[in-house]
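Okay, here's what each chain looks like letter by letter:
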Amino acid sequence: MSLLKNVGTIGGLTAVSRIFGFLRDIMLARVLGAGGVADAWQLAFQLPNLFRRLFAEGAFASAFVPLFNRHMTEGESEARRFASEVLAVLLPILVVFGAVMMLAMPWVLWLFANATLRADAEHYALAVTMGQIAFPYLLFMSLATLTAAVLNSLSRFAAAAAAPILLNICLLVALFWGALQPGGEATRQSTGMFLAIAVSVSGLLQLLWLRHWMRKAGFSIPLARPRLTARVKEMGVLIVPAVFGAGVYQISRFIDLAFIRVLPDGSLTYMAMADRWNQLPLGIIGIALGTAILPALSRFIAREEGDEAQRLQSNAIELSMLLTVPAAVALFVTGSAFVRVFMQAGAFTAEDAAVTGSLVSGLVIGLPAYVLVKVLTPNFFARKDTRTPVITAALSLVVTVALNLYFVPRIGVMSLAVAGAIGAWVNTALLYGILARRGFFTLTGRVVGRIARIVLAAVPMGAALWAAMLYGDPYFTGTTAERMGSILALIAIGLVSYALSAVVLGVLDKSTVQRLMRRQA
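Residues numbered from 1 in each chain as written. Predicted model: local features only at pLDDT ≥ 70, side-chain atom pairs only at ≥ 80, totals over all residues. Heavy atoms only, no water.

Draft legend 1. Structural context of the overall build of the protein. A count of helical and extended segments in the protein gives 21 helices and zero strands. Expressed as a percentage of the 521 residues in the protein, the buried residues total 57%. Excluding contacts between residues fewer than 6 apart, the proportion of contacts in the protein whose partners are at least 24 apart in sequence is 86%. Total accessible area on the protein stands at roughly 20400 Å², and carbon and sulfur atoms take up 70% of it. (Helix = DSSP H or I, 4+ residues; strand = E, 2+ residues; numbered from the N terminus. Buried < 20%, exposed > 50% of the residue type's maximum accessible area, 1.4 Å probe, protein only. Contact = heavy atoms within 4.5 Å. Areas by Shrake-Rupley, 256 points an atom, 1.4 Å probe, with all protein chains shown as cover.)

Here you go:
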């Protein structure tokens, strides 16, 4: 299957999941508002979700997929044996870690809760209980990630890409229940408890879903006695640095929790809501591309097909910029409009929407860089080099933390968005520089020229959207019809203006589409 089709499959299903995620956040904003129960819920959900993104999806998949593909070249029985050995060791580690975290939850949350939440005994106790109920989600999702990694290695991308939809459906069920109840603090607290239960239930459902599709693919992972075999040790050596290399975005969000402690009540909710808009293109484009190219890169490098690896990497970068740059420019200009249209209502006030909208603009400054990190790191992981991305991630985090230490006391929560974006660009520059110096990948003049035209095409689109924002401002908080009409008008203006610019500048032509549609070996 071609790169474009693989990314389309993963990105399309991820888009469906993100749409459900938006409905979830719209309901969260309207039912829980910001601060109080909302901050308690965000804190309780952030921990298992961050660990899931950081260890399960990021580090685990990055270390497992290249090794699994190598064993597949030796025969399916060897690959099955390797997966069984990994599962046998992973399961008890997850059980013990989960038990410890649930017991230690009162002290763990204390490290990240802001002063307002720590001083509110009722809401803090609620956050602890919700965190304990939701934490089994990490166990289920880690096992689901192992299953998804096997499916992706077999080029069965659809089931894994569709699985997160189940999380959002479960959360929406809890939120719709809360929306039907009388308003008030008691309803918000009971809704928060139902949300925590829904998280763990969704993890179990995703695991069962993926195991079903793995069996349909003719693959199974038998459960064996835990043993630290040579192959498991090899993966262990790879996975520790991969935590930092693959999960720089999640580590950045984790560090944000520490800084949010000193910020006013509601800051955690503002960042979580703004990050949802940033995660839409990041998930659809960045994660889809990284997931799609890692198995193919691993095969090309294992067979010493350097030209094919270079071609695939170039196509991935060009496609990522073609999709990400206009998305970043559009969200930078119109982020506040989207927040007001979809989230400002009920318990989520105009002030809440204004802060969240400004954070969206700050976050998307780094959107192309976050996507490029997802696209470049597989080139290291495919070579079983998980150490180099650690170094680049560490340096970028030093920059991020230094900027936050200086700017958080001065500009508040906006510092978290901008500093993270700058750190992502530092990481991107380091990753590409090392790949080029080692002779693993170099951008050709043709690709650089196409990226330059993509950027130029986004400029008139941004100007057109800026002008439209001035005229549409009264309608972003009007009636439902006015809100929908204004946002549809913005989308149409953005699409038409970018399409015209792209045609004039020759951003997308027949030869480019054919190259991206070329079937992977």
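Draft legend 2. Up close: helix α20 (residues 480-505). Taking 1.5 Å of rise per residue, 26 residues should cover 38 Å, and α20 covers 38 Å from first to last C-alpha, within 8% of that figure. Within α20 the residues assigned to the buried category are R483, S486, I487, L490, G494, S497, Y498, S501 and A502. Directly beyond the C-terminal end of α20, a positive phi value near 70° is found at G506. (Expected span 1.5 Å × (residues − 1).)

Draft legend 3. Spotlight on the pattern of salt bridges. The tally for this structure, following the rule as stated, stands at nine salt bridges. Of the charged contacts in the structure, one is a salt bridge between R446 and E318, with a shortest N-O distance of 3.4 Å. With R446 in helix α19 (residues 445-472) and E318 in helix α14 (residues 306-343), this residue pair connects regions lying 128 residues apart in the sequence. (Salt bridge = Lys/Arg side-chain N within 4 Å of Asp/Glu carboxyl O.)

Draft legend 4. Fine view of the side chain of T392. As for its position among the elements, T392 is in helix α17 (residues 388-411). Owing to a relative accessible area of 1%, T392 belongs among the buried residues under this scheme. Here N427 takes part through its side chain, which lies 2.8 Å from a polar atom of the side chain of T392. For T392, the contacting residues outside a window of four places in its chain are N427, L430, L431 and I434. (Polar contact = N/O pair within 3.5 Å; in protein donor to acceptor, adjacent residues only side chain to side chain.)

Draft legend 5. Local environment of a nonpolar patch on the surface. A cluster of nonpolar side chains, contributed by W177, F194, I197, V201, L204, L205 and L208, occupies part of the molecular surface with about 580 Å² of accessible area. For the nonpolar patch, the leading source of residues is helix α10 (residues 185-216), giving six residues. For L204, the location among the structural elements is in helix α10. On the basis of relative accessible area, L204 is assigned to the partly exposed category, the value being 36%. (Patch = residues over 30% accessible without salt bridge, like charges linked within 9 Å, V, L, I, M, F, W, Y side chains within 5 Å.)

Draft legend 6. Spatial organisation of the packing of helix α15 (residues 350-363) against helix α18 (residues 414-437). Relative orientation of the contacting elements α15 and α18 amounts to 15°, with a least axis distance of 8 Å. Overall, the two elements α15 and α18 adopt an arrangement that is roughly parallel. The two elements α15 and α18 meet at a crossing, and its hand is right-handed. Here S358, L359, G362 and L363 of α15 lie close against α18, whose contacting residues are M414, A417, V418 and A421. (Axes fitted to C-alpha atoms, helices over the stretch in contact; angles between N-to-C directions. Parallel < 35°, antiparallel > 145°, perpendicular 65-115°, else oblique. Left-handed = near helix turned anticlockwise from the far one by under 90°.)

Draft legend 7. Representation of the packing of helix α3 (residues 76-103) against helix α7 (residues 136-153). The N-to-C vectors of α3 and α7 enclose an angle of 165°; their axes lie 9 Å apart at closest approach. When the axes of α3 and α7 are compared, the pair comes out roughly antiparallel. In this structure, α3 meets α7 at a crossing whose hand is right-handed. When α3 is examined against α7, the residues A83, L87, L90, L91, L94, V95, F97 and M102 are found in contact with a partner set consisting of P136, L138, L139, S142, L143 and L146. Grouping the constituent residues of the contact of α3 with α7 by class yields 13 nonpolar, one polar and no charged. (Nonpolar A, V, L, I, M, F, W, Y, C, P; charged D, E, K, R; others polar.)

Draft legend 8. Local environment of the side chain of D352. Relative to the assigned elements, D352 resides in helix α15. We note that D352 is buried and unpaired, the nearest opposite charge coming from R188 at a distance of 11 Å. A polar contact of 2.5 Å, which involves the side chain of D352, links it to the side chain of Y270. (Lys, Arg positive; Asp, Glu negative; His and termini not counted.)

Draft legend 9. Representation of the nonpolar core within the structure. If you look at the biggest cluster of nonpolar residues, it comprises 143 residues, and the most contacted ones within it are W41 and F64. For this core, the leading source of residues is helix α2 (residues 37-74), giving 16 residues. In this structure, F300, A309, L312 and A382 belong to the second largest nonpolar core, which totals seven residues. (Core = buried A, V, L, I, M, F, W, Y, C linked by side-chain atoms within 4.5 Å.)

Draft legend 10. Highlighting the packing of aromatic side chains. Taken as a whole and judged by the stated rule, the model has eleven aromatic pairs. Each ring, one from F97 and one from F135, has its centre 6.1 Å from the other, and the planes form 50°; the classification is tilted. Of this pair, F97 sits in helix α3 while F135 sits in the loop between α6 (121-134) and α7, and the two are 38 residues apart along the sequence. Residue classification places F135 among the buried positions, given a relative accessible area of 2%. The interplanar angle of 40° and the centroid separation of 6.0 Å between the aromatic rings of W277 and F342 together place this pair among those described as tilted. Residue W277 is located in helix α13 (residues 267-302), and its partner F342 is located in helix α14; the two are separated by 65 residues in the primary sequence. F342 sits in the partly exposed class, given a relative accessible area of 21%. Joined through ring pairs, the aromatic side chains of W277, F338 and F342 make up one cluster. Above the face of the F219 ring, R80 is positioned so that its terminal group lies 4.8 Å from the ring centre. Of note, R383 hangs over the ring of F440, and the distance from its end group to the ring centre comes to 3.9 Å. (Phe/Tyr/Trp six-rings, centres within 6.5 Å; stacked < 30°, edge-to-face > 60°. Lys NZ or Arg CZ within 6 Å of the ring centre and 35° of its normal.)

Draft legend 11. Fine view of the environment of G98. Looking at the secondary structure, you find G98 in helix α3. Distance from G98 to P48, taken between C-alpha atoms, is 9.5 Å for residues 50 residues apart in sequence.

Draft legend 12. The arrangement of helix α4 (residues 105-112) in detail. For α4, every residue scored as buried is listed here: M105, V108, L109 and F112. One face of α4 carries all of its buried residues, which in axial projection span an arc of 95°. (Arc of directions from axis to C-beta.)

Draft legend 13. Structural context of the confidence of the model for the protein. For the protein, the mean per-residue pLDDT works out to 82, and 88% of the residues sit at or above 70. Highest mean pLDDT in the protein belongs to α19 (92); lowest belongs to helix α21 (residues 510-517) (54). (pLDDT = per-residue confidence, 0-100.)

Draft legend 14. How the structure looks around the environment of L154. Along the chain, the position of L154 falls in the loop between α7 and α8 (158-162). For the pair L154 and P295, spaced 141 residues apart in sequence, the C-alpha to C-alpha distance is 8.6 Å. Excluding residues that lie within four positions of it along the chain, L154 makes contacts with M72, A217 and F219.

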